[in-house]
Amino acid sequence: MTPARRARWTEALVTTPSLAWLLVFFVVPTVIIFAITFKPVDLYGGIGKGWTLDTLKSLFNPNYPAIVWRTVWLSLATTAVCLILAVPCGYYVARSSDRWRQMLLLLIILPFWTSFLVRVFAWKVLLHPEGPLKHALAAVGLIGPDTLLLYNEKAILLVMVYTFLPFAILPIYAAAEKFDFRLLEAARDLGARPLRAFWSVFVPGIRRGLLTAVLVVFIPALGSYVIPDIVGGPNSEMIGNKIAQRTFSDRNLPHASGLSAFLTLGVLLPLLLVLALQRKKGEEAPSMQEVS
Amino acid sequence: MKRSVIPLLTTLFVLVFFYLPIVVLVVNSFNASRFGGTWEGSTLEWYRMLFRETSVWRALRNTLIIAVGATFASVVLGTTAAFALHRYHTRLQRLHYTLIYTPLVVPEILMGMSLLLFFVAAGFELGLFTIFLAHTTFCISYVAMVVLARLQDFDFSIIEAAQDLGAGWWTTAWRVLLPLLAPGLAAGGLLAFTLSIDDFVITFFVSGPGSTTLPVRIYSMIKHSKNMPMINALSAILLVVTFAAVWGSQRLTKESHA
Amino acid sequence: MDDFLVFENVSKSFGKVRAAADVSLTIRRGEFFSLLGPSGCGKTTLLRILAGFESPDSGRVLLNGRDITQLAPNERKVNTIFQSYALFPHLTVAQNIAFGPQIAGWPRAQIREEVDKMLHLVQLTDQAHKRPDLLSGGQKQRVAIARALINKPQVLLLDEPLAALDLKLRQRMLIELDLIHDEVGITFVYVTHDQGEAMSLSDRIAVMDKGRIEQIGTPAQIYEAPRTSFVAAFIGDTNFFEGQVVELLGGDYSRLTVEGFPSVECFNDNKLNVGDLVYLSIRPEKFRISRERPEPAPHVNAVQGRVADVIYLGSLTKYWVRVQDYRIAVWRPASRFLLDENPITWNDEVWISWHGDDSFMLERYSESDEKLMEAPPEQVGDPNGHGAAKP
């Protein structure tokens, strides 16, 4: 074999396993979501024979616009709050001394390593009507005895921020670490006030990290299901809850897959937008390497 | 130049925010009060209750079986993928990268739902095996990213050097590549193991009767709001185990760097 | 001629870039042979084809009469010193050196013996059990050499082995490489962009540009008798002149007109006709410079001009003399005590003269090659640029 032919062989050898696996277990199932939307339900909660437009019609459920709207604004709000907290935090960590920085990073990543359900449950305990936070706040008179901290949209937003914040801090920190902080001094030297220097020099300097942060917060947030399920109430459902409800309670797989197809489109849109934005600037796709 | 205190204050706030619920949870696992609103004396009752709960132990066993299998499969697939992505810059690899990257941002519920439909359509019986397939699928991407990061500062002329000195493909992989990539593989494997143990959403969609994992068990306990203090106890144990594992792995990587 | 290692019409392209364009060359057994050229000239590609990391698009490589073009790297009796050394970081110095023999399946005792011998050769016996990352650059370099040599290769390839070292270390390693070559007596093929390294080490040099070999010869041949403007300008400094043959003199001389110069006598060894256009290269140190007009002598040319720039460098003084449209570089060695003289300085009227044997007719000329040389203001404080050019 010639070296050139051998190189092609080796490439095929190391590419095929993962590529084939992802084609079968990621691409094909995603396509199936769209296909099953046009299948009828059978009596036993499975998928029937033939094709139908019933599911598509039932997606025009009058309750859905409100749920879609709630999903979008909760995701947007989560992203915004995460960025507001993550930018100063990433800045601070990047400017810390070496030892202190390792420590801070570990402290920030640690919650990510602990069980997701446990973290959500911890908030349920904390916010519970009989829980410690309620008692403390009521005792100092900040809230009335009847205020409900749990089972509403505010609780969902709080726990979503809690869950996604590490994912926002890490890429922003990674970008800030590569930022040349002398540029801030230069901006000050040229007459900018601190906030102005921060806003017009530092923020554009970490643009790549910001985009990654938006991507890894907003998109998974759109698909939230456990958080609204545990800390939300019957009037604060998100799309994820509906998908689960159609799947497990109603046993209507085609309907669930119609909703999933809708969500997939909603997810692809911002994803492609961000990727195109970065491609245009000649940058690589944002990476999740920082997360680990 | 005087530095603003806002970044420091934000960081402190974030850290308090991160650890407050966790601390409250652990403290409450020793609280005799059912809801933990007030301190009603310390107790180990909830822990005793937990150890008598056989369903939890069965779920733990399932979780570990799946995690070990998915870690092994995803480390193999993720490493070859990272190697291909790093070594070649063909059009095929661009597609490959997109396929590796997308699962990292796709909401879990979509992955769970699509895999459920796929398994139903393909006639798979839902159970431990389908959970294993699903976990391997999302772990591949994470392992590939971790190993890829390690490969960035890997000097590939070392491979050429090995071949130059007479080593064939197999010898090069076994005697040079593997020992050099071992820390990266360990890091990727640890991540895959943790993700697999922790995964709830995808597991929930593709699990069948008798294949309950620990997160699925915890979820149903939370949902049915019974034995809340027992979940506190279980969570506290999980937290301690996780922190110990992270601490241990930090020590390990530090030693291998020295 | 000993056809030990032969490239036969080797071509290789990467996309649109031609890294080797129909290269043919022969390397002799035991020779220290250098491939010299600017980055991107294709020298490393030739080396990688020889090592087996690339395969040529067309052409053959023969080693000892055997076609090795399609052999894998591990099937060739050829070993490489990599630019980054490529030492195995997880193995000790001794284990690195033992890697090749272990794969070849030598008996254990023999491996130990040979490794000791190699450690001794490169003076690393007391570092044998260290990991490579604890070694200095020069030590790493020596481990790489020992690791390659222990396999008793027929050819040792060196890819810019000194590029990563600082100047002082580079000069020491230069001497060590030379000693090692003398001691082991195998063929070295050395790739570098540094003319000084190539000049001081090589038996012969192939100067490359844009995938082609411009000239092959001993260092002195290449310096003294460059065949193309690229070679003349890449190795050392020179002056280019354009002229026309007006008269064929007896022997091997001819008379030219160079624009604005009265008449120039020039040595030529190939057939010329009256009216031919020729390009000359004259090295700056071949000129003499004086205030008075030199005594006329056979075949000596003299022109008058004005000093436009002077740079005093101690061991020599560099002048740039304006003659008509030309700016002629003239290097004058400080062979006498300068302070006693009244040295030639800026704006002086001077005569420069040279012997007809010291001008060289080029076979090929390209104006862009003039950019390869240093221009006056930039090279202040960089005396190495010249010192390295000495043959």
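**As for the overall build of chain B**
Of regular secondary structure, chain B possesses eleven helices and zero strands. Across its three principal axes, chain B shows a C-alpha extent of roughly 70 × 65 × 30 Å. A total of 258 residues make up chain B; the buried ones form 57% of that total. For chain B, the proportion of contacts with a sequence separation of at least 24, taken over those separated by at least 6, is 69%. Accessible surface, chain B as shown: approximately 11,300 Å² in total, 67% of it carbon and sulfur.

**Concerning the interface of chain B and chain C**
The interface is formed by 17 residues belonging to chain B together with 22 residues belonging to chain C. Each partner contributes to the roughly 1,700 Å² buried at the junction of chain B and chain C, and carbon and sulfur atoms together form 61% of this total. Run the count over chain B and chain C and you get one salt bridge. E160 of chain B is the partner of R48 of chain C in a salt bridge, and the nearest nitrogen-oxygen pair spans 2.6 Å. Taken together, the links from chain B to chain C amount to nine residue pairs in polar contact (both at pLDDT 80 or more). Those elements giving two or more residues to the side of chain B that touches chain C turn out to be α7 (157–164) and α8 (169–198) of chain B. In terms of residue count, α7 of chain B provides more of the side of chain B that touches chain C than any other element does, seven residues in total. By residue class, the composition of the side of chain B that touches chain C is eight nonpolar, five polar and four charged.

**Some remarks on the sheet that holds strand β20 (residues 359–361) of chain C**
Residues and elements named next belong to chain C. Read from one edge of the open sheet, five strands run β13-β12-β11-β14-β20, paired in antiparallel fashion. Where the open sheet ends on each side, the last strands, each with one partner, are β13 (264–267) and β20. Within this sheet the neighbouring strands show an average axis-to-axis angle of 50°, counted without direction. Note: strand β12 (residues 253–258) against β13, four bridges, orientation antiparallel. Bridge pairing links S254 to C266 in β13.

**So, the interface of chain A and chain B**
Taken residue by residue, the interface counts 89 residues in chain A and 89 residues in chain B. Around 8,300 Å² of area is buried between chain A and chain B when both sides are counted, 80% of it from carbon and sulfur atoms. For the chain A face of the interface with chain B, the top three residues by lost area are W21, W113 and F121 of chain A, together amounting to 9%. Linking chain A with chain B are one salt bridge, by the criterion used here. Put simply, K223 of chain B and D229 of chain A hold a salt bridge, and the shortest N to O gap is 3.3 Å. Summed over the shared surface of chain A and chain B, the number is twelve residue pairs in polar contact (both at pLDDT 80 or more). The element best represented in the side of chain A that touches chain B is helix α1 (residues 3–36) of chain A, accounting for 21 residues. A class-by-class count of the residues in the side of chain A that touches chain B yields 63 nonpolar, 18 polar and eight charged.

**Observations regarding the pattern of salt bridges**
Tallied over the entire structure, the rule returns 30 salt bridges over all chains. A salt bridge links R48 of chain C to E54 of chain C, with the nearest nitrogen and oxygen atoms 3.2 Å apart. On the basis of relative accessibility, which here comes to 22%, the residue R48 of chain C falls in the partly exposed class. The residue K117 of chain C makes a salt bridge to E114 of chain C at a minimum N-O spacing of 3.3 Å. Within this pair, K117 of chain C and its partner E114 of chain C are both found in helix α3 (residues 108–121), separated by three residues, close to a single helical turn. The exposure class of K117 of chain C is partly exposed, given its relative accessible area of 48%. You can call E114 of chain C buried: its relative accessible area is 10%. Via salt bridges that share partners, E160 of chain B together with R48 and E54 of chain C belong to a single interconnected network.

**Observations concerning the pairing of strand β7 (residues 155–159) of chain C**
Within a regular strand, the side chains alternate between the two sheet faces. All names here are of chain C. Most of β7 is tucked away: five of the five residues are buried. Neither face of β7 is exposed, since V155, L157 and D159 on one face and L156 and L158 on the opposite face are all buried. As defined by bridge partners, strand β6 (residues 78–81) adjoins β7 across four bridges and the pair is classed as parallel. Residue T80 lies in a different strand from β7, and its bridge partner there is L157. For β7 and strand β8 (residues 187–192), the ladder comprises five bridges, and the chain directions are parallel.

**Some words on a nonpolar patch on the surface**
All names here are of chain B. The grouping of V23, V27, F30, W39 and L44 at the surface amounts to a nonpolar patch, some 460 Å² of accessible area in total. Take L44: it is sitting in the loop between α1 (6–28) and α2 (45–52). The exposure class of L44 is partly exposed, given its relative accessible area of 47%.

Cut-offs used in this document
- Residues numbered from 1 in each chain as written.
- Chains lettered and ligands numbered in written order.
- Predicted model: local features only at pLDDT ≥ 70, side-chain atom pairs only at ≥ 80, totals over all residues.
- Heavy atoms only, no water.
- Helix = DSSP H or I, 4+ residues; strand = E, 2+ residues; numbered from the N terminus.
- Buried < 20%, exposed > 50% of the residue type's maximum accessible area, 1.4 Å probe, protein only.
- Contact = heavy atoms within 4.5 Å.
- Areas by Shrake-Rupley, 256 points an atom, 1.4 Å probe, with all protein chains shown as cover.
- Buried area = accessible area lost by both parts, 1.4 Å probe.
- Salt bridge = Lys/Arg side-chain N within 4 Å of Asp/Glu carboxyl O.
- Polar contact = N/O pair within 3.5 Å; in protein donor to acceptor, adjacent residues only side chain to side chain.
- Nonpolar A, V, L, I, M, F, W, Y, C, P; charged D, E, K, R; others polar.
- Pairing = 2+ DSSP bridges.
- Axes fitted to C-alpha atoms, helices over the stretch in contact; angles between N-to-C directions.
- Patch = residues over 30% accessible without salt bridge, like charges linked within 9 Å, V, L, I, M, F, W, Y side chains within 5 Å.

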